[in-house]
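Architecture and fold: a report
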Amino acid sequence: MRRDATLLWALRSPCSFACKYCYFGTTEEHKLAPPSAPGVLSHLSRSDVPADQLKAFARTLAGSAITRVVIAGGEPLDWPTTLELISLIKEAGCQVVIATNGVPLTRPGMAYRLIDLGVDGVSVSLDSADPHTNDQLRPSRSGRFGHGTVLDGIHTLLAARGEQHAPRVGIYTVVMRERPQEITDMAQLAEHLGVDYYVPQPISLAPDHALFTKLTHRAEDAPAVAEQLDLLYARPSRLALPDPSYTRRFVAAVSTQESGEVANCFGGTRLYFAQPDGSIWDCPSDRKIAATRPEERRTLRDADARTLFAAPPVCTDCSHFGRDCVNMWPLVLDMPRLLAAETVR
Ligand SMILES: C[S@@+](CC[C@H](N)C(=O)[O-])C[C@H]1O[C@@H](n2cnc3c(N)ncnc32)[C@H](O)[C@@H]1O
């Protein structure tokens, strides 16, 4: 069995943050009109797979094509069962990377637990070097947590790790049209904090999203984004970044609202996406999900990862390239360099 695939696993729907641009939509909207279309996510979902079924599935990862599991959500570290699942996934011989809003890292013992479990990477989301701007974009529901809490979480994890190699700690930043300079400002903050890797990623919103016009790049924004990315890659830095080819895809995605074609796409061969309700897709691209025929839909409920991900590569030329695809390269092809002990730029 080849073992070269990444599973991006949105484990749980709830989140203590209420980012207005989130892939999961907003609870305000969903209280009025719960989404029902396949693949559409909601923090209010009532169909998350029960813990015992998730654990049974995690046990089948050993001997499957999955070599890396990126655990996201919702907020995965607010659910105690996530730690049990991490343990099972590590026992199955997979790398584990966690995407978190960073707040749970401030809880007593959490950082040491992640280190003891052998977690390979922790990607913390932060959208602005400016606390006020960040907290407007990424407000906590309670109003009690924000930029400062997230920095505390990063400091706590780095201090607990000490001289050990793992987990590598990174920052993920969603780049929006109003502030291209955040690309380099956040790199400076990341370096100052002493994290290991940094991934700026373009915002991805459906054209009918309320914030599409305000936040989504237009073709005329591409030069400013390209300039910032050039500066980021030109600066001497110890931060690991995605391969420089990432900048080409980033600029291509913000330059056009249109779709594109990806030859030899890894979606469905080296990348799979699992949703909290157990749905399994080739990748998280909303265009690809929408194009999946009902008879092709799959679930991890009562499934065995060894058969679920055993499909031999078929035609992988995908005509559904969109801006949400860009964020997949760092998860699949770039992750080895982001998790490397030394910067490989
Ligand atoms: C959905 S969150 C889940 C994991 C965790 N709660 C966190 O905050 O990182 C995963 C990542 O997706 C990013 N994200 C959410 N909605 C997005 C969008 N519309 N476009 C681009 N990135 C988005 C978040 O900022 C975060 O970095």
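Before going into details, it helps to say that this report is about the structure given with it. Since this is a predicted model, take the numbers as computed values, not measurements. (Residues numbered from 1 in each chain as written. Predicted model: local features only at pLDDT ≥ 70, side-chain atom pairs only at ≥ 80, totals over all residues. Heavy atoms only, no water.)

Things to note about the pattern of salt bridges
On inspection of all chains with the given rule, the structure shows 18 salt bridges. A salt bridge links aspartate 78 to arginine 107, with the shortest nitrogen-to-oxygen separation between them at 2.5 Å. Of the two residues, aspartate 78 is situated in the loop between β2 (66–73) and α3 (81–91) and arginine 107 in the loop between β3 (95–100) and α4 (110–117); the sequence distance between them amounts to 29 residues. Under the relative-accessibility criterion, aspartate 78 is labelled partly exposed at 32%. The shortest N-O distance in the salt bridge between aspartate 304 and arginine 306 comes to 2.8 Å. Shared partners join several salt bridges into a network, and the residues in it are Arg161, Arg168, Asp196 and Arg238. (Salt bridge = Lys/Arg side-chain N within 4 Å of Asp/Glu carboxyl O. Helix = DSSP H or I, 4+ residues; strand = E, 2+ residues; numbered from the N terminus. Buried < 20%, exposed > 50% of the residue type's maximum accessible area, 1.4 Å probe, protein only.)

Regarding the packing of α3 against α4
Viewed as axis vectors pointing N to C, α3 and α4 meet at an angle of 15°, and their least axial separation amounts to 10 Å. Classed by the angle they form, the pair α3 and α4 counts as roughly parallel. As α3 packs across α4, the resulting crossing turns out to be right-handed. Contacts between α3 and α4 involve Leu83, Ile86, Ser87 and Lys90 from the former and Met110, Arg113, Leu114 and Leu117 from the latter. Here the residues of the contact of α3 with α4 sort into five nonpolar, one polar and two charged. (Axes fitted to C-alpha atoms, helices over the stretch in contact; angles between N-to-C directions. Parallel < 35°, antiparallel > 145°, perpendicular 65-115°, else oblique. Left-handed = near helix turned anticlockwise from the far one by under 90°. Contact = heavy atoms within 4.5 Å. Nonpolar A, V, L, I, M, F, W, Y, C, P; charged D, E, K, R; others polar.)

Observations regarding the pairing of strand β8 (residues 271–274)
Taking every second residue as pointing to the same face, both faces of β8 are buried, with Leu271 and Phe273 on one and Tyr272 and Ala274 on the other. Strand direction decides the pairing type here: β8 and strand β9 (residues 279–281), joined by two bridges, are antiparallel. When the sheet's bridge partners are listed, alanine 274 is paired in β9 with isoleucine 280. Where β8 folds back on β9, the antiparallel hairpin that results is connected by four residues, among which glycine 278 adopts a positive phi of roughly 95°. (Pairing = 2+ DSSP bridges.)

What to know about α3
Regarding α3, the residues found buried are Thr81, Thr82, Leu83, Leu85, Ile86, Leu88 and Ile89. In the core, the buried residues of α3 are packed alongside β1 (5–12), α2 (51–59), β2, β3 and α4.

What to know about the environment of glycine 39
With respect to the element layout, glycine 39 can be found in the loop between α1 (27–32) and α2. For the pair formed by glycine 39 and phenylalanine 145, sequence separation is 106 residues and the distance between their alpha carbons is 30 Å.

What about the environment of arginine 141?
Positionally, arginine 141 belongs in the loop between α5 (131–137) and α6 (147–161). Judged by its relative accessible area of 36%, arginine 141 is partly exposed. Distance from arginine 141 to glycine 121, taken between C-alpha atoms, is 26 Å for residues 20 residues apart in sequence. Not counting residues up to four positions away in its chain, the partners in contact with arginine 141 are Cys15, Ser16, Phe17, Ala18, Thr27 and His43.

Things to note about the packing of helix α7 (residues 182–193) against helix α9 (residues 222–234)
Two measures define how a pair of helices packs: the angle their axes make with one another and the distance between the axes. At their nearest, the axes of α7 and α9 sit 8 Å apart, and the two run at 25° to each other. Between α7 and α9, the angle is such that the two are roughly parallel. Contacts between α7 and α9 involve Ile183, Thr184 and Ala187 from the former and Val225, Gln228, Leu229, Leu231 and Leu232 from the latter. Its residues assigned to classes, the contact of α7 with α9 shows six nonpolar, two polar and no charged.

Here's the deal with the site of the ligand
Taken together, 17 residues are adjacent to the ligand, and Tyr21, Gly74, Ser125, Arg138 and Ser204 come closest. Contact between the ligand and serine 125: an oxygen atom at 2.6 Å from a side-chain N or O atom of the residue. A distance of 2.7 Å separates a nitrogen atom of the ligand from a polar backbone atom of serine 204. Protein coverage of the free-state accessible area of the ligand, which is 550 Å², stands at 93%. Listing elements by their share of the shell around the ligand, those giving two or more residues are β3 and β6 (197–202). (Near = heavy atom within 4 Å. Polar contact = N/O pair within 3.5 Å; in protein donor to acceptor, adjacent residues only side chain to side chain. Areas by Shrake-Rupley, 256 points an atom, 1.4 Å probe, with all protein chains shown as cover.)

Considerations on the sheet that holds β1
Reading across from one edge, β6-β5-β4-β3-β2-β1-β8-β9-β10 is the order of the nine strands in this open sheet, with mixed pairing throughout. One side of each edge strand has no neighbouring strand; the edge strands of this open sheet are β6 and β10 (298–299). Of the strands in this sheet, β5 (168–175) and β6 touch helix α10 (residues 245–255), which is tilted by about 25° from β6.

Some thoughts on the nonpolar core
Residues Trp9, Leu61, Leu114 and Phe309 are the most contacted members of the largest nonpolar core, which totals 101 residues. Those residues in contact with phenylalanine 309, other than ones at most four positions away along the chain, are Arg2, Leu7, Phe57, Ala65, Ile66, Tyr272 and Ile280. By size, the runner-up hydrophobic cluster in this structure holds twelve residues, among which are Cys15, Cys19, Phe212 and Leu215. (Core = buried A, V, L, I, M, F, W, Y, C linked by side-chain atoms within 4.5 Å.)

Details of the packing of aromatic side chains
Across all of its chains, the model carries five aromatic pairs by this definition. Both rings, one in tyrosine 246 and one in phenylalanine 250, keep their centres 5.8 Å apart while their planes meet at 90°; by these two values the pair is edge-to-face. Pair noted here: tyrosine 246 and phenylalanine 250 are both in helix α10, with a separation of four residues, about one helical turn. Given a relative accessible area of 0%, phenylalanine 250 falls into the buried group. Between tyrosine 272 and phenylalanine 309, the aromatic rings sit 4.5 Å apart at their centres with planes inclined by 45°, giving tilted as the arrangement. Note that tyrosine 272 is positioned in strand β8 and phenylalanine 309 in the loop between α12 (305–308) and β11 (318–321), a separation of 37 residues in sequence. Taking relative accessible area as the criterion, tyrosine 272 reaches 1% and is therefore assigned buried. By relative accessible area, phenylalanine 309 is classed as buried at 0%. Note that arginine 12 overlies the ring of tryptophan 79, its terminal NZ or CZ placed 3.7 Å from the centroid. (Phe/Tyr/Trp six-rings, centres within 6.5 Å; stacked < 30°, edge-to-face > 60°. Lys NZ or Arg CZ within 6 Å of the ring centre and 35° of its normal.)

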